[in-house]
Protein chains: 2
Amino acid sequence: MTAERIEHRACFGGWQDVYRHTSTVLGCEMTVGVYLPPQAEHGPCPVLYWLSGLTCTEQNFITKAGAQRYAAEHGIILVAPDTSPRGDGVADADSYDLGKGAGFYLNATREPWAKHYRMYDYIADELPEWVQANLPASDVRAISGHSMGGHGALTIALKNPGRYRSVSAFSPIVAPSQVPWGQKAFTAYLGEDPAAWAQYDATALVAEAKERLPMLVDQGGADEFLDNQLRPQLLQAACDAAGHPLELRIQPGYDHSYYFISSFIGEHIAHHAKAMR
Amino acid sequence: MTAERIEHRACFGGWQDVYRHTSTVLGCEMTVGVYLPPQAEHGPCPVLYWLSGLTCTEQNFITKAGAQRYAAEHGIILVAPDTSPRGDGVADADSYDLGKGAGFYLNATREPWAKHYRMYDYIADELPEWVQANLPASDVRAISGHSMGGHGALTIALKNPGRYRSVSAFSPIVAPSQVPWGQKAFTAYLGEDPAAWAQYDATALVAEAKERLPMLVDQGGADEFLDNQLRPQLLQAACDAAGHPLELRIQPGYDHSYYFISSFIGEHIAHHAKAMR
């Protein structure tokens, strides 16, 4: 995997970088945001992976969340990848919630998606390998994300026991099999088989989770997608049934935007810092 | 002056709003970002005006600076206007540093600019009047800004003794009469008269300043515009000659971006909070 650093900016005593690298599993060039806290100059630091939502690139989180301040306080590296494969040769759809910018953190099995849309393998394996080989990173990891990326964080953590110390999410799509965004994407990427869908659905996966990660979910009470697409009570019910811990917080008045994320990202980073200590 | 609230988002316990209102002095519709801290629910709060740089709208500061956290801590309203008059009937130029997005916070006297380009009057008088009349704002004010907006903050504070309690700037154009950005804009907006230029040049105004405001300036040491456009040592020399206090900090490694602003905006807001107490 080749890599080139295309942005390099001082930020809170560390560096907000962006890399472009070649992904073998995705078969394309990818960009990824990397925040190195000041502590990274003196030795390996733990890594928090951040998965963004529909339509985002690596830029949304690194420019809008205000997370660097807290990462610098706790000595945590932030790794914020793009949300889908990219490039002229990559299949796309004429809508914001399928194709580019909407990879849904799964491995597609249906055409025309199967060749490039393998975001699950990229996030779970290839990207961490690149991080370990190229950044001053320890092997201690946590994962978080927003909306589609909250779905990605929850499912990837649940499917990979031992890999992460903690998981959190903002406004996650907790039950993609039961809501329009997920049903559209899963049908296109995975076909009609319910068993294939269940492999990427947090509310299904939590029933058979092999570890009990500290799990924090924040959801805006005024989120315009709350009742139709997000439905956090389905995750609460699944966690209750499985005996899995979940700290689910409904934050009154907050919507689906980065103003919501910026207001609580400090508490999420503290949650992960405690687990990664 | 009519006004309409076009964005309203919960943020750090308060509200990040955007208003669209009709400016009489500019002769057009303007947008302005307003952050109301939680304390504003209980009574009038002091106001920090933020003036943005070339090419910006009100969105850059409110989405990228991460200032709301600190404003919420100190109970300060943030008012972030646009950087020029806007609209189809407003003169423009085919470059990023003149015309729309480049109002330079002055009152233009030359055509085709004189009709709409009166950002000085808008920021110094009309906008504060609107703020006092429409927001839970006290009459205690401070002013800050970035690059062209740092120039605006310094000059407007120096020209209006008694109006502001404190002033600060990031990477300001301290001596527009002596650098390419300022020379181009002043020639277009004001003509060739050096006396007209001096009325909007902080290094000239500081010699006759009638009060000694607490003045904080942060400048990135790796700023790509440092030697050609910004030249903070000219402000230092003018302040030394006039006996005006100036805390000028060169921050090694930092560039001209919002990553720089976000890293130190907390210290600027603390500077203003202390003066507005």
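Residues numbered from 1 in each chain as written. Chains lettered and ligands numbered in written order. Predicted model: local features only at pLDDT ≥ 70, side-chain atom pairs only at ≥ 80, totals over all residues. Heavy atoms only, no water.

Visitor: Provide a residue-level description of the relation of the copies chain A and chain B, including the pertinent values.
Guide: Note: a rotation about an axis with an accompanying shift along it relates these two copies of the chain. With an RMSD of 0.0 Å, the fit of chain A onto chain B corresponds to turning through 180° and sliding 0.0 Å along the axis. Between the two chains, the operation in question is that of a two-fold axis. Both copies share a contact surface, since 100% of the interface residues of chain A are interface residues in chain B too. (Least-squares fit on C-alpha atoms with pLDDT ≥ 70 in both. Contact = heavy atoms within 4.5 Å.)

Visitor: Let's hear about helix α4 (residues 148–159) of chain A: which residues, and what values?
Guide: All names here are of chain A. For α4, spanning twelve residues, the distance from its first C-alpha to its last is 16 Å, which sits close to the expected 16 Å at 1.5 Å a residue. Counting buried residues in α4 gives eleven out of twelve residues, a clear majority hidden from the surface. Of all the residues in α4, the buried ones are Met-148, Gly-149, Gly-150, His-151, Gly-152, Ala-153, Leu-154, Thr-155, Ile-156, Ala-157 and Leu-158. (Helix = DSSP H or I, 4+ residues; strand = E, 2+ residues; numbered from the N terminus. Expected span 1.5 Å × (residues − 1). Buried < 20%, exposed > 50% of the residue type's maximum accessible area, 1.4 Å probe, protein only.)

Visitor: Could you give an account of the interface of chain A and chain B, naming the residues involved and the relevant values?
Guide: Taken together, the contacts link 22 residues of chain A with 22 residues of chain B. Where chain A abuts chain B, roughly 1,900 Å² becomes buried across the two surfaces, and 52% of that area is made up of carbon and sulfur atoms. Between Arg-9 of chain B and Asp-255 of chain A there is a salt bridge, with the nearest N and O atoms lying 3.0 Å from each other. Our count for the chain A to chain B interface comes out at ten residue pairs in polar contact (both at pLDDT 80 or more). Sorting the residues of the side of chain A that touches chain B by element identifies β1 (3–11), β2 (14–23), α1 (58–64), α2 (68–74) and α10 (258–276) of chain A as the ones contributing at least two each. (Buried area = accessible area lost by both parts, 1.4 Å probe. Salt bridge = Lys/Arg side-chain N within 4 Å of Asp/Glu carboxyl O. Polar contact = N/O pair within 3.5 Å; in protein donor to acceptor, adjacent residues only side chain to side chain.)

Visitor: A description of the environment of Ile-6 of chain B should follow, citing residues and the corresponding values.
Guide: All names here are of chain B. Assignment of secondary structure puts Ile-6 in strand β1 (residues 3–11). Residue class for Ile-6 comes out partly exposed when judged on its relative accessible area of 33%. Note: C-alpha distance between Ile-6 and Ala-242 (236 residues apart in sequence) is 45 Å. Apart from residues lying up to four places away in sequence, Ile-6 is in contact with Val-18, Tyr-19, Arg-20 and Thr-31.

Visitor: So, the nonpolar core: which residues are in play, and what are the values?
Guide: Formed by 70 residues in total, the largest nonpolar core has its most connected members in Phe-104, Ile-143 and Tyr-189 of chain B. Ranked by residues supplied to this core, first place goes to helix α3 (residues 119–134) of chain B with eight residues. Among residues more than four places away in sequence, those in contact with Phe-104 of chain B are Leu-54, Thr-83, Asp-97, Met-148, His-151, Ile-173, Trp-181, Gly-182, Ala-185, Phe-186 and Tyr-189 of chain B. Counting 69 residues, the second largest nonpolar core, distinct from the first, contains Val-34, Cys-45, Val-174 and Val-206 of chain A. (Core = buried A, V, L, I, M, F, W, Y, C linked by side-chain atoms within 4.5 Å.)

Visitor: Give me the lowdown on the pairing of strand β4 (residues 45–51) of chain B, citing residues and values where you can.
Guide: All names here are of chain B. Among the seven residues that make up β4, seven are buried, leaving the element largely enclosed by the rest of the structure. As paired elements, β4 and strand β6 (residues 137–145) share six bridges and run parallel to each other. By the bridge assignment for β6, Leu-48 is matched with Ala-142. Both β4 and strand β5 (residues 77–81) contribute to a ladder of three bridges, which runs parallel. Note that in β5 the partner of Leu-48 across the bridge is Leu-78. (Pairing = 2+ DSSP bridges.)

Visitor: Explain the pattern of salt bridges to me, and be specific about the residues and the numbers.
Guide: Opposite charge on two side chains makes pairing possible when the charged atoms of those side chains draw close. Going through the model one piece at a time under the given rule, you end up with 20 salt bridges over all chains. Its salt-bridge partner being Arg-249 of chain A, residue Asp-218 of chain A comes within 2.7 Å of it at the nearest N-O pair. Of this pair, Asp-218 of chain A sits in strand β8 (residues 215–220) while Arg-249 of chain A is found in strand β9 (residues 247–251), placing the two residues 31 residues apart along the sequence. Looking at Asp-218 of chain A, the relative accessible area reads 0%, which means it is buried. Two residues, Arg-20 of chain B and Glu-4 of chain B, come together in a salt bridge whose shortest N-O distance is 3.8 Å. Of this pair, Arg-20 of chain B sits in strand β2 (residues 14–23) while Glu-4 of chain B sits in strand β1, and the two are 16 residues apart along the sequence. In this structure Glu-4 of chain B comes out as partly exposed when scored by relative accessible area, which is 44%. Counted as one network, the salt bridges with shared partners bring together Glu-7 and Arg-9 of chain A together with Asp-255 of chain B.

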